[in-house]
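Inside the fold
Letter by letter, the chains look like this.
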Amino acid sequence: MTVAAGTTFRLQTFSGRAPLTWARRIGTAGRPDLRRIRMNSAKGHATGNPRPMPAPLARPLLFLVVAIGLAACSSGGALSPGLAARMDIPGAQLNRAEALGIVNNYRQTVGAGALTEDAGLDATAQQLAAQYAKSGNQPAKPAGALQIRYSAGYFTFAETFSGWRNSPTDAPALSDKSATKAGIAAVYDKNSPYGVYWVIVLA
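In short, a report on the structure. All values reported here derive from a predicted model rather than from experimental measurement. (Residues numbered from 1 in each chain as written. Predicted model: local features only at pLDDT ≥ 70, side-chain atom pairs only at ≥ 80, totals over all residues. Heavy atoms only, no water.)

Quick notes on the pairing of strand β7 (residues 181-188)
The side chains of a regular strand alternate between the sheet's two faces. Most of β7 is tucked away: 6 of the 8 residues are buried. Here 2 bridges tie strand β5 (residues 116-117) to β7, and the two strands are oriented parallel to one another. Counterpart to E117 in the pairing with β7 is A182. When β7 meets strand β8 (residues 196-202), the two strands line up antiparallel, connected through 7 bridges. The residue of β8 that forms the bridge with A185 is V199. (Buried < 20%, exposed > 50% of the residue type's maximum accessible area, 1.4 Å probe, protein only. Helix = DSSP H or I, 4+ residues; strand = E, 2+ residues; numbered from the N terminus. Pairing = 2+ DSSP bridges.)

Concerning the nonpolar core
Ranked by size, the top nonpolar core spans 24 residues in total, and within it F157 and W198 carry the most contacts. Elements that contribute at least two residues to this core include exactly α4 (96-109), α6 (157-165), α7 (170-174), β7 and β8. Looking at which element gives the most residues to this core, the answer is α4, with 5 residues. Each residue touching F157, except ones within four places of it in the same chain, is listed here: L83, L94, A99, I102, V103, W164, I184 and W198. The next biggest cluster of nonpolar side chains, apart from the first, holds 17 residues, and it includes L121, A133, Y194 and Y197. (Core = buried A, V, L, I, M, F, W, Y, C linked by side-chain atoms within 4.5 Å. Contact = heavy atoms within 4.5 Å.)

Here it is in structure tokens:
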């Protein structure tokens, strides 16, 4: 598919109360030019001027190379299919085991114990992601949850995790040492502003 120069795509992650929108613009050379704009969560408009971002996702991608190195080697050098699978396709299924695996790899690096996948939390995360996609608003943290993280606009879990891992607010939540189990979900809605909506719940 050929994308015209100047085309802009939006990606959204959340840090604290205000979402961060990443404007992905295809430059004249055909390379993505990422600029970050802090959005006002209540009014939905830019509160500052766009400024060039350092090497796009350099820190999280470097971490991903380390975290999934063994998986890549075992699959002939390719990114693990479960982490690279696009969720913006009707009928796409998230590989929760691989997604939780990379979260646990990160937790190990900061001294936190591994999380176990919990079917009940998976169902909760799925429900919250569906609500988020439908309303565009982050649902409240459910009772019993220690941490909950949202993201929207990323197509793969590898990208989503990179956004969380690089956030000073989201990264500590993922490494909460009191959490022992987790649920993860992604919902695709082609009619929504950001397409793919992600939720991870820790308890």
